[in-house]
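Here are the chains, one letter per residue:
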Amino acid sequence: MRNTDSPIILNTAHNESVSELQFHPENPNHFFTCSTLGELWHWDMKQDTATLHQWRGDTLNERLNVTALAEPLYLPLNSLDVVAESVITTCDNEATYIISKPLSVL
């Protein structure tokens, strides 16, 4: 199943490296990323195709809605986690940020 010659999906949305990616535990069509530029994003995959073909790279970008959950901090966000109805992330400034109910505000 694993293709070692090339990635299945290549998306160049973040301007810097992605530090972490976490899927929402109850809504797998939603996932979150944080980057070394301090960006925290919510990705929403539209559910307009069959489940088995959702992650095909040729049409993926047409089906993704990306929303920033906060203004960029311009300091690396090192990790994130999705806990209950919140997204928690940590930054190089030794702060922890909590975004409550990110799916309800979108």
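These numbers come from a predicted model, not from an experiment.

(A) Local environment of the sheet that holds strand S1 (residues 18-23). With respect to topology, 4 strands assemble into an open sheet ordered S1-S2-S3-S4, the strand pairing being antiparallel. Of all strands in the sheet, those with a lone pairing partner are S1 and strand S4 (64-68), marking the two edges. Averaged over all neighbouring strand pairs, the angle between strand axes comes to 20°, with direction disregarded.

(B) Spotlight on the pattern of salt bridges. Within the structure shown, the criterion is met by 1 salt bridge. Measuring nitrogen to oxygen at the nearest pair gives 3.9 Å for the salt bridge that ties Lys 101 to Glu 85. Here Glu 85 lies in the loop between strand S5 (77-83) and strand S6 (86-91) and Lys 101 lies in the segment after strand S7 (96-100), a separation of 16 residues in the sequence.

(C) Seen up close, the packing of aromatic side chains. Taken as a whole and assessed by the stated rule, the structure comprises 3 aromatic pairs. Here Phe 23 and Phe 31 contribute two aromatic rings whose centre-to-centre distance is 5.2 Å and whose plane-to-plane angle is 45°, an arrangement assigned as tilted. Its relative accessible area of 39% is what places Phe 23 among the partly exposed residues. Here Phe 31 falls in the buried class, since its relative accessible area comes to 6%. Residues Trp 41 and Trp 43 carry aromatic rings whose centres are separated by 5.9 Å and whose planes lie at 50° to one another, so their mutual orientation is tilted. The pair Trp 41 / Trp 43 is uniform in exposure class, with both members buried. The structure contains a cluster of three or more aromatic residues connected by ring pairs, namely Phe 23, Phe 31, Trp 41 and Trp 43.

(D) Inspection of the sheet that holds S6 at higher detail. Taken in spatial order, the 3 strands of this open sheet run S5-S6-S7, and their pairing is antiparallel. Two strands bound the open sheet, and with one partner strand each, they are S5 and S7. Shown here is a sheet whose adjacent strand axes are inclined to one another by a mean of 20°, direction ignored. The pairing of S6 with S7 spans 5 bridges and is antiparallel. Each residue of the ladder has a partner; that of Ile 88, found in S7, is Ile 98.

Calculation rules
- Residues numbered from 1 in each chain as written.
- Predicted model: local features only at pLDDT ≥ 70, side-chain atom pairs only at ≥ 80, totals over all residues.
- Heavy atoms only, no water.
- Pairing = 2+ DSSP bridges.
- Helix = DSSP H or I, 4+ residues; strand = E, 2+ residues; numbered from the N terminus.
- Axes fitted to C-alpha atoms, helices over the stretch in contact; angles between N-to-C directions.
- Salt bridge = Lys/Arg side-chain N within 4 Å of Asp/Glu carboxyl O.
- Phe/Tyr/Trp six-rings, centres within 6.5 Å; stacked < 30°, edge-to-face > 60°.
- Buried < 20%, exposed > 50% of the residue type's maximum accessible area, 1.4 Å probe, protein only.

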